[in-house]
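Tertiary structure, described
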Amino acid sequence: MSVYEYIVRTKDLSKFYTLGGTEVRALDDVALDIRRGEYVSIMGPSGSGKSTLFNMIGGLDKPTKGTVFIDEVDMAQLTASELAFLRCRKIGYIFQTFNLIPVMTALENVTLPMVFAGLTTDDALDKGMQLLKTVGLGERYDHKPTELSGGQQQRVAIARAFANDPAIILADEPTGNLDLRTGKEIITLLKQMNEEKKVTVISATHDLKMIDVSDRVVWIRDGKIERIEDRKDIDLQVGQMEYEEE
Amino acid sequence: MGSVLEDVAGKRGIEKQIVLPWSKALQMTRENIFVRLGRSAITASGIFLGIAFLAAVLFSAAGQRVAAAVIERDFGQAQNPEEFQARIIWLAAMSLVVATVGIVNSMLMSVTERYKEIGTMKCLGALDTFIVRLFLLEAGLLGILGSALGAFVGAGITMLFFVGRVDGWGGILETWATTAVEIGGTGIPLWLCIIFGVMLGGILSVLASLYPAWRAAKMPPAAALRSEF
Ligand SMILES: Nc1ncnc2c1ncn2[C@@H]1O[C@H](COP(=O)(O)OP(=O)(O)OP(=O)(O)O)[C@@H](O)[C@H]1O
Ligand SMILES: [Mg+2]
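These notes cover the structure that comes with them.

1. Description of the site of ligand 1
Near ligand 1 lie 15 residues; those nearest to it are A:Ser46, A:Gly47, A:Lys50, A:Ser51 and A:Thr52. More than a single chain frames ligand 1: its nearby residues are located in chains A and B. Here an oxygen atom of ligand 1 sits 2.5 Å away from a polar atom, N or O, in the side chain of A:Ser46. Contacts to ligand 1 include A:Gly47, whose backbone N or O atom sits 2.8 Å from an oxygen atom. Burial of ligand 1 by the protein amounts to 71% of the accessible area it has alone, namely 630 Å². Elements with a contribution of two residues or more to the shell around ligand 1: β1 (6–19), β2 (22–35) and α1 (50–57) of chain A. The biggest single contributor to the shell around ligand 1 is α1(A), with three residues. Residue composition of the shell around ligand 1, grouped by class: five nonpolar, seven polar and three charged.

2. Digging into helix α7 (residues 168–177) of chain B
Owing to its 3.6 residues per turn, the α-helix brings residues three or four apart onto one side. All names here are of chain B. Regarding α7, the residues found buried are Gly171, Ile172 and Thr175. Buried residues of α7, viewed axially, fall in a sector of 105°; they line one side. Exposed residues lying more than 90 degrees from the buried face of α7 are Trp169, Leu173 and Ala177. If you follow the buried residues of α7, they end up packed against α3 (37–75), α6 (128–162) and α8 (190–218).

3. Thoughts on helix α4 (residues 121–134) of chain A
Residues and elements named next belong to chain A. In this model α4 runs 20 Å from its N-terminal to its C-terminal C-alpha over 14 residues, within 8% of the 20 Å that 1.5 Å per residue would give. Residues Ala124, Gly128, Leu131 and Leu132 constitute the buried set of α4. Burial along α4 is one-sided: seen end-on, the buried residues are contained in an arc of 100°. Exposed residues pointing more than 90 degrees away from the buried face of α4 are listed as Asp122, Asp126, Gln130 and Lys133. In this structure, the buried residues of α4 make contact with α3 (106–116), α5 (150–161) and α6 (180–197). Count one or two residues on from α4 and you reach Gly136, which has phi positive near 80°.

Rules and cut-offs
- Residues numbered from 1 in each chain as written.
- Chains lettered and ligands numbered in written order.
- Predicted model: local features only at pLDDT ≥ 70, side-chain atom pairs only at ≥ 80, totals over all residues.
- Heavy atoms only, no water.
- Near = heavy atom within 4 Å.
- Polar contact = N/O pair within 3.5 Å; in protein donor to acceptor, adjacent residues only side chain to side chain.
- Areas by Shrake-Rupley, 256 points an atom, 1.4 Å probe, with all protein chains shown as cover.
- Helix = DSSP H or I, 4+ residues; strand = E, 2+ residues; numbered from the N terminus.
- Nonpolar A, V, L, I, M, F, W, Y, C, P; charged D, E, K, R; others polar.
- Buried < 20%, exposed > 50% of the residue type's maximum accessible area, 1.4 Å probe, protein only.
- Arc of directions from axis to C-beta.
- Contact = heavy atoms within 4.5 Å.
- Expected span 1.5 Å × (residues − 1).

Below you can see the structure in the form of structure tokens.
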């Protein structure tokens, strides 16, 4: 069994968009190594390239140049079905806008990745209920997304992200559409899952509350890594960061 | 915990690691159709109208024959319904072309509205073929439902027109059983034409959705997720 220290590594990772003749460097030579089990926040102002990085690490878009390695495997070398397997079983995605399937109930949303993974209906339903209980929504399994609050929808989305026991949770502004208190609850839930399930959490965010639970904070600006801060340095600097974020 | 990708790399070549059973696909399609009933009705309306028109036209052709026979029997005047039939087949074909264009259009719209959902499904592991399969299933079901309803309504309304001219409901029954279209000397009974019409509606609907479904499935997830509706 091979276990690498770094679960995600990016090398020279770049994504350029051409808009009306001008080139936008959404990501520019990003080198980032993320350890197994780490909770990493990617912080930066709007338009700095957080979502672009999220898409590249998650295999949702192709880089202009550079490489993303997941456990030392170059993601660009994967076939379409291997990539689907990776997305289904190994990565759980969480979005700012929750992205639940609107015609499906909470339970159906949570079990869909398990169906794709080939679980039997009974196993999927059992596990789905268990996950919904873990996120505190055991009673609401039969509700459609429109019948749930934003915070509840995000809980369902978190349960869905954990459906196939992924190694990586990728989140893009998971608290962006939530109020302060609900956002805090979601962050606590993510941290709890990170500790209990030893899952690596990578979260793009604006939310300074996220810093408290992060092992490392990666600051990006204009598509480049500005600096990376470790847990032990963070506590000293919170005041300064809040100032910079203004 | 083992390597994230050892399962992937270790099983290279083994297909079907990611699955969407037909029963689940059907259930999802049913939910898609009935939860968005209004949207589905709009999508199906093109094929509904096309097949309703086809059924009306075919029933008129049969009705004309029976009515002509009634007139000949009662008044001794010979009638010539064949000319009418030639024109009417052309009309029916045109109506189907129009209906197909309508479906392409409404399927494109209903696919575009669901880009974000498609992107999400891909994040959950759906293969491109799952997306295509779901949309084709939906189109086929909508096509058959819409056509069946269209055939029923089209033939039904035309029946009301002919009741007076073909000896009442007895004549209608005879009309229903009689030949609607003659091709190369052999006649096709009306009921068979209607069944063909319903199948044709389903098939046209699936064909019309091939392009929209394929286009949606091919989109990179990031692009699909970015679209807002
Ligand atoms: N599909 C695209 N086409 C063209 N330009 C794009 C596209 N996606 C992103 N960009 C550009 O790339 C840059 C980075 O965008 P990105 O969405 O990654 O920022 P972000 O850090 O997530 O911002 P926010 O906090 O507002 O979500 C921006 O300048 C944006 O305009
Ligand atoms: Mg963003």
